[in-house]
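One letter stands for each residue in the lines below.
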Amino acid sequence: MKQRARFLSAAKAASCLGAMALAMCGGAAQAETLRDALVAVYNTNPTIEGARATQRATDEDVPIQRAAGLPSLNATATHIEFVRQSANSFTAPARNLGVNAQLQVPIYSGGAVRNGINAAQERVSAGQADLRGTESSIFSQTVAAYMDVLRTEALAELSVNQVEVLRVTFESTSDRFEIGDLTRTDVAQAQSRLAVAEGDLRTAYANMINAQQTYIQLVGRAPMDLEAPPPLPGLPETVGMAVVTALDNNPDLIAAKERAEAAGYDTEVAGSGRLPTIGLFANYDYSNFFGTLGGPISSDFAQREATANAGVRITIPIFQGGRPAAQQRQASARETAALEQVILQERSVIAQTRSAYSSWQASNAVIESSQTAVEAAELSLEGVRAENSIGNRTIIDVLNAEQELLSARAQLVTARRNAYVAGFTLLAAMGKAEARDLNLDTGGPLYDPQVNADRVGGRFWDWDRDPKPTPNSTRTIDIDTSQNLIGPVMEP
């Protein structure tokens, strides 16, 4: 009876999981919605923050390429001490300070600068599409983690209830055996089912902890009293509509197309190596011999002098050993590969969309059949128990009926999870599962990668720097789950 009381206490503790959340002893739980979780992910997830930083690095390729077409100014200062001079030199200086300044202004580079800038801009657009894809992918993982927490906690609660039911069945069977109403076989069957259920309960709790840790990894905080998610918006009526939308909006496909465009500009850049280049130049030179030029007759020589020149430089490649042609062929082959990647990504998007749509439809059908199965199993168990009480059914019949009801309920919980995750995956494949689609902007303005691209696109000052880098995502080392309510239940 002491063991039974302990288990009933544990069952009461586990019943707190009815809200399907991770709770902490000694603190009041606050309900969390799926939108709350997605907002936290959007603002603090390291994968998203890292992708944004990577995109900011890609933005810098535009001013880097533009710099090749802007004027450049260099200055060189050299001080020389002539420690040993020729014996035949009577006027050589003992020291010299030389200063040289060079100004170069490129005029024409065969299209290399223009096409390089265009390629960089296309890659910026591709990176922005990649950022959308990363955001959508992390959101899909978050939705799956959110639903997995709900599912595993619901299954854990079902397992707790099943153990309690089987324990009562085992004890009543033992009592009836004592009065000769049942056989030892009936007791053994009940005891076996109870032992299996207790093992399943521990597995259910392990699965629940794994789901909670995945949630913490993505969201950055423990799941607290998770609410049921809202209906998904914008799901298509037909698979054809889904595919058409995906081909227009899928970020991975858009990124592949942008990269193919960039590869085309790369081919033009490679071909520009065979064309002439034109540039302006200006030089200024200053020398100071510090009174040492001319030796004994140094007064006859000017000890300081300055010269300047300017002109136009035209460089016409005549023969380069086939290097420009090889570079252009190489770039052309890479452009072909990029075009093939577009087709590959298009195939992938079509397959993902159709698969997600099929999974979503199938899961919805499973929900309907599971609901029917649960209702039928509940009615069947009630009838088998009544028939067992008058001797028309055996204990094994009751145990089987209880197991069928548990299986039906577990299937319903899993089907609801699968349907929601498949639906969100479908939206992600269609390019409709991003922050702008999920109304996540009420907590502040959404991150716009174009703002940084515009910020750095026209900069040309060499000493322009950004603030020292610091991480924006949150750490999870301080999240304590040791006081989880499942603790008492896991006690032997």
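The sections below set out a description of the structure shown in this document. Keep in mind it's a predicted model, so treat the numbers as computed, not measured.

## Let's talk about the packing of helix α3 (residues 46-59) against helix α5 (residues 112-178)
Then, number 1: Running from N to C, α3 and α5 cross one another at 180°; their axes reach a closest spacing of 9 Å. As far as their axial angle goes, α5 and α3 are roughly antiparallel. Residues T47, I48, A51, R52, Q55, T58 and D59 of α3 touch α5, and the partners they reach there are R123, V124, G127, Q128, L131, T134, E135, I138 and F139.
Then, number 2: Tallied by class, the residues present in the contact of α3 with α5 amount to six nonpolar, six polar and four charged.

## Observations concerning the pattern of salt bridges
Then, number 1: Summed over all chains, the structure comprises 16 salt bridges.
Then, number 2: Between R176 and D181 there is a salt bridge whose closest N-O contact spans 2.9 Å.
Then, number 3: Exposure remark for D181: the relative accessible area of 45% places this residue in the partly exposed category.
Then, number 4: One salt bridge connects R455 with D466, and the closest N-O pair in it is separated by 2.9 Å. Pair noted here: R455 is in helix α11 (residues 449-457) and D466 is in the loop between α11 and α12 (486-490), with a separation of 11 residues, a long-range link.

## Points about helix α2 (residues 34-44)
Then, number 1: When you tally the buried positions in α2, you get eight out of 11 residues, the bulk of the element.
Then, number 2: Along α2, the residues that are buried comprise L34, A37, L38, V39, A40, V41, Y42 and T44.
Then, number 3: On its buried face, α2 sits against α3, α5, α6 (184-219) and α10 (395-429).

## Some remarks on the sheet that holds strand β4 (residues 304-315)
Then, number 1: Across the sheet, four strands lie side by side as β1-β2-β3-β4; this open sheet has antiparallel pairing. Of all the strands in the sheet, just β1 (72-81) and β4 have a single pairing partner and so form its edges. The average angle at which neighbouring strand axes cross in this sheet is 15°, direction not considered.
Then, number 2: With 10 bridges connecting them, β1 and strand β2 (residues 95-108) associate as antiparallel partners. Paired with H79 across the two strands is L97, which belongs to β2.

Scoring rules and cut-offs
Residues numbered from 1 in each chain as written. Predicted model: local features only at pLDDT ≥ 70, side-chain atom pairs only at ≥ 80, totals over all residues. Heavy atoms only, no water. Axes fitted to C-alpha atoms, helices over the stretch in contact; angles between N-to-C directions. Helix = DSSP H or I, 4+ residues; strand = E, 2+ residues; numbered from the N terminus. Parallel < 35°, antiparallel > 145°, perpendicular 65-115°, else oblique. Contact = heavy atoms within 4.5 Å. Nonpolar A, V, L, I, M, F, W, Y, C, P; charged D, E, K, R; others polar. Salt bridge = Lys/Arg side-chain N within 4 Å of Asp/Glu carboxyl O. Buried < 20%, exposed > 50% of the residue type's maximum accessible area, 1.4 Å probe, protein only. Pairing = 2+ DSSP bridges.

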